[in-house]
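# An overview of the molecular structure
Below, each chain spelled out in residue letters.
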Amino acid sequence: MSYHSHILNSSSHSHIIGRTDPITGDSVKENDRVVFCTVCKSCFLEDSWVYMNERHCEQNQTLDTIPALASRLVSKKIKDELITELKHGGVVLQAVLVTLVVSFLVSLSALQQTVYQGDTEAIGAFSILISACLGFIVGVITANDSFDELMGLTKNNVRLFTNRIEIGKESFVWSDIEQIKYQREMYVSESTKVKQNFSHIPFLLIYFNNDSVLKKNLATKSHSKTEKLLMGLEKISYFKNVSFYSENPQELKVMHNIKRNSKGKIEVGKPKKLLNY
Ligand SMILES: [Zn+2]
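Now for a look at the structure at hand. (Residues numbered from 1 in each chain as written. Predicted model: local features only at pLDDT ≥ 70, side-chain atom pairs only at ≥ 80, totals over all residues.)

### Examining the overall build of the chain
Scanning the chain for helices and strands turns up seven helices and 14 strands. When contacts within the chain are restricted to residue pairs at least 6 apart in sequence, long-range pairs at least 24 apart make up 61% of them. (Helix = DSSP H or I, 4+ residues; strand = E, 2+ residues; numbered from the N terminus. Contact = placed C-beta atoms within 7 Å.)

Here you go:
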């Protein structure tokens, strides 16, 4: 255990009790054991800290004392709070999918061998078991962030904070950014007999104050996930120019709804085309 943890009591930590753990969403209660990130001063339940591999804000330092009420009030203005997060599908799901594919392939070849060489059924069953384990291991390894880093793949998870936006391993402060744009383009595929509409990977365009522009593809096309990102960007639109563009009719409708219900600076672009998906 290389971090500082603290047990909360109601007499001196009432300013901490009731805060929300950023990972579980649970309220922090009396007698809970908590850990504070040195950089952002966020309060985590100990389990959450361990779950994050004892890291936050790209570092592993924790506060050795519970922040006092006064310092919390002073730092409130610059407190960096997580607004929303867009993530790649879960590690477990990916492991299960890879397991299914690998075990299917291996058992197919096991079946072939059984047929050609007259092996016993036991060998077939045994290979299925082995391949399932193998598949699961491969799945876990490939779903691991450091594996992706090793392979040069970045998943581009997006996290919106009050002070900055985090994309993959990079972080950009809002004060350097002039405008942010969310964009989804659609295309028609005629490879099959039936014309089908597909979505390209949605992306973010970040326009910096120094006139440079950064394009970042998102980790997912999932509408339920990107909708959460749009709602998060709505919160950003109170202090930054936010722009939406979508060639998907449902998503465009969502965008217009968000704009209608917001007092922020949101622009919804007129799509060149509209395709269902
Ligand atoms: Zn932190």
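Having seen the structure, we can now continue with the description.
### Observations concerning the pairing of strand β5 (residues 158–161)
The two faces of a sheet get side chains in turn, since along a regular strand they alternate between them. Relative to β5, strand β4 (residues 82–86) runs antiparallel, the two being bridged by four bridges. Across the sheet, residue Leu86 finds its bridge partner in β5, namely Val158. Note: β5 against strand β6 (residues 164–167), three bridges, orientation antiparallel. When the bridges of β6 are listed, Val158 appears paired with Ile167. Hairpin remark: β5 followed by β6, antiparallel, with two residues in the connecting loop. (Pairing = 2+ DSSP bridges.)

### Let's talk about the sheet that holds strand β14 (residues 266–268)
The strand order β12-β11-β8-β13-β14 describes an open sheet built from five strands, whose pairing is mixed. Each edge of the open sheet carries a strand with a single partner, namely β12 (213–217) and β14. Neighbouring strand axes in the sheet, compared pairwise and without regard to direction, differ in orientation by 15 degrees on average. Taken together, the three bridges between strand β13 (residues 241–246) and β14 define a ladder with parallel strand orientation. Paired with Phe244 across the bridge in β14 is Val268. Across the sheet, helix α6 (residues 223–236) touches β8 (177–184), β13 and β14, and the angle it forms with β8 is around 160 degrees. (Axes fitted to C-alpha atoms, helices over the stretch in contact; angles between N-to-C directions.)

### Focus: the nonpolar core
Generally speaking, nonpolar side chains in soluble globular proteins are found buried as a group. Formed by 21 residues in total, the largest nonpolar core has its most connected members in Val158, Tyr182, Leu229, Leu230, Leu233 and Phe244. Examining the composition of this core, we find that four residues originate from one element, α6, more than from any other. When sequence neighbours within four positions are dropped, the list of residues in contact with Val158 reads Leu86, Ile165, Ile167, Leu218 and Leu229. Of all hydrophobic cores here, the second largest spans nine residues; its members include Ile16, Val34, Cys43 and Phe44. (Core = buried A, V, L, I, M, F, W, Y, C linked by C-beta atoms within 7 Å. Buried ≥ 20, exposed ≤ 12 C-beta atoms within 10 Å, placed from the backbone.)

### Side note on the environment of Leu274
Looking at the secondary structure, you find Leu274 in the segment after β14. Under the C-beta neighbour-count criterion, Leu274 is labelled exposed, with 12 such atoms within 10 Å. C-alpha separation for the pair Leu274 and Tyr187, spaced 87 residues apart in sequence, amounts to 9.5 Å. Contacts of Leu274, omitting those with residues within four sequence positions, involve Glu247, Pro249 and Leu252.

### Concerning the packing of α6 against helix α7 (residues 249–260)
Here α6 crosses α7 at 25 degrees, and the two axes come no closer than 11 Å. With respect to their mutual orientation, α6 and α7 come out roughly parallel. Read as a crossing pair, α6 and α7 show a hand that is right-handed. Side by side, α6 and α7 meet where His223, Glu227, Leu230, Met231 and Glu234 of the first sit next to Gln250, Glu251, Val254, Met255 and Ile258 of the second. For the contact of α6 with α7, the per-class residue count stands at five nonpolar, two polar and three charged. (Parallel < 35°, antiparallel > 145°, perpendicular 65-115°, else oblique. Left-handed = near helix turned anticlockwise from the far one by under 90°. Nonpolar A, V, L, I, M, F, W, Y, C, P; charged D, E, K, R; others polar.)

### Some remarks on the sheet that holds strand β2 (residues 33–36)
Spatially, the three strands line up as an open sheet ordered β1-β2-β3, and their pairing is antiparallel. On the outer flanks of this sheet lie β1 (6–7) and β3 (43–45), each paired with one strand and no other. Where β2 and β3 come together, three bridges link them in antiparallel fashion. Note on β3: the bridge partner recorded for Val34 is Leu45.

### Quick word on the environment of Arg184
Mapped onto the fold, Arg184 is located in strand β8. Each C-alpha atom of the pair Arg184 and Leu252 lies 9.6 Å from the other, and the pair is 68 residues apart in sequence. The residues touching Arg184, leaving out its near neighbours within four places in the chain, are Ser199, Pro202, Ser246, Glu247, Asn248 and Glu251.

### Considerations on unusual backbone geometry
Unlike most non-glycine residues, Asn31 shows phi in positive territory, near 70 degrees. Take Asn31: it is sitting in the loop between β1 and β2. We note that Glu58 has phi near 60 degrees; this positive angle belongs to a residue other than glycine. Within the secondary structure layout, Glu58 lies in the loop between α1 (46–51) and α2 (69–75).

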